[in-house]
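Chain by chain, the residues:
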Amino acid sequence: MSTSRRTFLTGLAAAGSFAIASPAVLGQAKPRVVVIGGGAGGATAARYIAKDSNGAIAVTLVEENEVYQTCFHSNLFIGGFKSYDEISHRYDALAKNHGITLARARATQIDRDKKEAVLSTGDRLPYDRLVVSPGIDLKYDSVPGWSKEAEEAMPHGWKPGRQTQLIRQKLDAVPNGGTIVMIAPPNPYRCPPGPYERASMFAHLLKASGRRDCKILILDPKDSFSKQGVFQEGWEKHYGAMIEWLGPKVHDGIKSVDPKTNTVVTGFETYKDCAFVNVIPAQMAGEIARSAGLAPAGGYCTIDAASMKSAVDPNIFVLGDACIAGDMPKSAFAANSQAKVAAMVIRGELTNARTFPARYINTCWSLIETDDTIKVGGRYEAKDGKIAATETFVSQPRESAELRKENQAENVGWYAAITADMFS
Ligand SMILES: Cc1cc2nc3c(=O)[nH]c(=O)nc-3n(C[C@H](O)[C@H](O)[C@H](O)COP(=O)(O)OP(=O)(O)OC[C@H]3O[C@@H](n4cnc5c(N)ncnc54)[C@H](O)[C@@H]3O)c2cc1C
């Protein structure tokens, strides 16, 4: 008998001691895990549950898109450091290599009483454990005058795919001397350093293409932002006065935008005929998590820090941007790390595999200019009911060019590693 089979049977023998009814109790052949969302959290969770249980758990991944474009490194695409193909990934190898069933559909409902995920195809997928990692939805009403209809004229680029390409097209069309206005999002949002790396990539491409008289204005609802000191030092060094950051005390709030005329009105100023306006609105957990009642707190889902279980349903795990992860930011690295904890706990519950205390890790790299990359990150544990940082680090001003170049090599290596961890 194989080790995995033995482990599985041992799991069944011990199942009676579980607080939640396990498949053995239900007399079922294989426990079933359904994962909603094939992104940084969901694809990783599906892969680790299937791979590490050696086929003892039946895993179905529900994902509405055939191809996943990473938001991470989408700024590098916008800046011309990566092609669109390089940030696009398919699910075929993941499914084939680990025996994962792919359901190409949108999950429209979670029936928590029946423990079933309902799909846009009409199928109902029964589960013993459900992993929910749908990412974010945008709050279209958080910027007055902006709307779903306006996202073509004033793109956000905060969800991948066409929006990322639109940002690049708008950037390519900016004339020399033109003004780009970026409206940054309020906390908490996906990728805290993301808007500021994006502004850097705007400046890089404009400068590299001889459009040195352009201006990039960042109108921020926040008083400060991630890695602010090192970003601003880098902007001054590489781009002079091209990028200007204005906090709420300086602009007195975004009063309205007009997508027809590319106008932005703040408390103190009206910016007319902008070459391009990038609206990054406020955010919340993806719709499926909210409609299932998993997000009682401010649009994001509360979880148990030691397991990534939903605080409102012990059969459901919520990962990534959709959850409130304490000191961890909303990043792909964080979602990937949380997925491994959830996968371990799920295998423990369903096959009696050994579990360990939850440990999380994150680093967010940001490219300011060629080979000038800064980073922020930490290690985390469950403490006092939340995911708490036990160790943190952040890039410092006046670091050597060698160190910044090493950071970029780490960044490139990380992207290769995480996409292999999700899709291979
Ligand atoms: C510009 C930008 C730059 C970034 N840079 C970095 C970076 O350098 N490093 C980093 O770590 N992170 C970065 N991030 C953040 C990172 O992209 C997210 O934190 C990460 O993708 C979150 O993973 P997730 O699993 O929560 O959601 P996602 O990766 O968004 O995955 C969610 C998936 O669920 C699917 N889905 C949603 N609802 C349903 C449904 N009902 N049915 C079926 N499928 C559904 C979606 O199609 C999607 O594929 C960046 C983000 C942006 C916007």
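Every residue gets a number counted from 1 within its own chain, in the order that chain's sequence is written. This being a predicted model, a pLDDT of at least 70 is required before a residue's local features are given, and a value of 80 or more before pairs of side-chain atoms are given or counted; all residues contribute to the totals for chains, interfaces and linings. Only hydrogens and water are set aside; all other atoms, that is, all heavy atoms of the structure, feed into the side-chain values.

The name that an unreviewed UniProt entry assigns to the chain is NADPH-dependent 2,4-dienoyl-CoA reductase, sulfur reductase, with the source organism given as Bosea lupini.

### Looking at the site of the ligand
Think of it this way: one heavy atom of a residue within 4 Å of a molecule or strand is enough to make that residue near it. If you check the shell around the ligand, you find 34 residues, and the closest are Gly 41, Glu 63, Tyr 68, Arg 190 and Asp 321. Within 3.5 Å is the distance limit for a polar contact, defined as a pair of N or O atoms, with the added protein rule that one can donate a hydrogen and the other accept it, and that residues adjacent in sequence qualify only through two side-chain atoms. Ser 331 is positioned such that a nitrogen or oxygen atom in its backbone is 3.4 Å from an oxygen atom of the ligand. Measuring from an oxygen atom of the ligand, one finds a backbone N or O atom of Ala 332 at 2.9 Å. Note on areas: Shrake-Rupley, 1.4 Å probe, and residue coverage restricted to the protein chains presented here. Contact with the protein chains removes 96% of the 990 Å² of surface that the ligand exposes when unbound. A run of DSSP states H or I qualifies as a helix once it reaches four residues; a run of E qualifies as a strand once it reaches two. Both are numbered from the N-terminal end. Those elements that provide at least two residues to the shell around the ligand are helix 3 (40-52), strand 2 (58-63), helix 4 (74-78) and helix 11 (332-351). Per-element tally for the shell around the ligand: the top contributor is helix 11, with three residues.

### Quick word on the sheet that holds strand 17 (residues 276-279)
Ordered by their spatial adjacency, four strands build an open sheet running 13-12-11-17, and the pairing between neighbours is parallel. The strands lining the two open edges of the sheet, one partner per strand, are strand 13 (243-246) and strand 17. Along the sheet, successive strands turn relative to each other by an average axial angle of 15 degrees, direction set aside. The pairing criterion is simple: DSSP has to find at least two bridges between the two strands. In this structure, strand 11 (residues 179-183) lies alongside strand 12 (residues 215-219), joined through five bridges in parallel fashion. Bridge assignment links Ile 180 to a residue of strand 12, and that residue is Ile 216. The criterion used for residue contact is that any of the two residues' heavy atoms lie within 4.5 Å. Only C-alpha atoms enter the line fits that serve as axes; for helices the fit covers just the stretch in contact. Angles between N-to-C directions range over 0 to 180 degrees. Sheet strands in contact with helix 8 (residues 228-239) are strand 12 and strand 13, and its direction is about 150 degrees off that of strand 13.

### Quick word on the side chain of Gln 408
Turning to its location among the elements, Gln 408 is positioned in helix 12 (residues 401-423). Discounting residues that sit within four places of it in the chain, Gln 408 has contacts with Leu 76, Leu 367, Asp 371 and Thr 373.

### Observations regarding the nonpolar core
Residue types Ala, Val, Leu, Ile, Met, Phe, Trp, Tyr and Cys, when buried and joined through side-chain atoms within 4.5 Å, form a set referred to as a nonpolar core. Throughout this description, buried means an accessible area under 20% of the type-specific maximum (1.4 Å probe, protein chains only), exposed means over 50%, and partly exposed covers the range between. Counting 123 residues, the largest nonpolar core has Trp 235 and Met 308 as its most contacted members. Of all the elements, helix 11 adds the most residues to this core, at twelve residues. Inspection of this core shows a minimum of three residues originating in each of domain 1 (3-137 + 284-356) and domain 2 (144-281). If sequence neighbours within four positions are ignored, Trp 235 has contacts with Tyr 196, Ala 199, Ser 200, Ile 218, Phe 225, Gly 240, Ile 243, Trp 245 and Ile 368. Where a domain begins and ends is set by an automatic assignment or by a domain database.

### What to know about helix 8
A helix is expected to span 1.5 Å for every residue after the first. Along its twelve residues, helix 8 runs 16 Å from first to last C-alpha, staying within 8% of the 16 Å computed at 1.5 Å per residue. Every buried residue of helix 8 is accounted for by Gln 228, Val 230, Phe 231, Gly 234, Trp 235, His 238 and Tyr 239. Seen end-on, helix 8 carries its buried residues on one side only, within an arc spanning 165 degrees. For helix 8, the exposed residues lying more than 90 degrees away from the buried face are Glu 236 and Lys 237. Looking at the buried positions of helix 8, the neighbouring elements they touch are helix 7 (194-208), strand 12, strand 13, strand 20 (359-369), strand 21 (372-383) and helix 12. Downstream of helix 8 by a residue or two, Gly 240 has a phi angle that is positive, lying close to 60 degrees. By arc we mean the arc of the directions from the helix axis to the C-beta atoms, nothing more.

### Some details on the pattern of salt bridges
What counts as a salt bridge is simple: a side-chain nitrogen of Lys or Arg found within 4 Å of a carboxyl oxygen of Asp or Glu. Counted by the stated rule, this structure contains 30 salt bridges. In this structure, the salt-bridge partner of Glu 64 is Arg 106, at a minimum N-O distance of 2.7 Å. With Glu 64 in the loop between strand 2 and strand 3 (67-69) and Arg 106 in the loop between strand 5 (101-104) and strand 6 (107-111), this residue pair connects regions lying 42 residues apart in the sequence. With a shortest N-O distance of 3.1 Å, Asp 92 and Arg 90 are connected by a salt bridge. We classify Asp 92 as partly exposed; its relative accessible area is 46%. By relative accessible area, which is 42% here, Arg 90 ends up partly exposed. Salt bridges here are not isolated pairs; linked through shared partners, they connect Glu 66, Arg 90, Asp 92 and Arg 104.

### Quick notes on the side chain of Asp 321
Relative to the helices and strands, Asp 321 resides in the loop between strand 19 (316-318) and helix 11. Contact partners of Asp 321, with chain neighbours within four places excluded, come to Gly 135, Ile 136, Arg 190, Tyr 300, Lys 330 and Ser 331.

### A closer look at the sheet that holds strand 8 (residues 124-126)
One open sheet accounts for three strands, arranged 6-7-8; its pairing is antiparallel. Of all strands in the sheet, those with a lone pairing partner are strand 6 and strand 8, marking the two edges. Looking at each pair of strands side by side, their axes are set apart by 20 degrees on average, direction ignored. Pairing of strand 7 (residues 116-119) with strand 8 involves three bridges; the strand directions are antiparallel. Residue pairing for strand 8: Val 118 is matched across the bridge by Arg 124.

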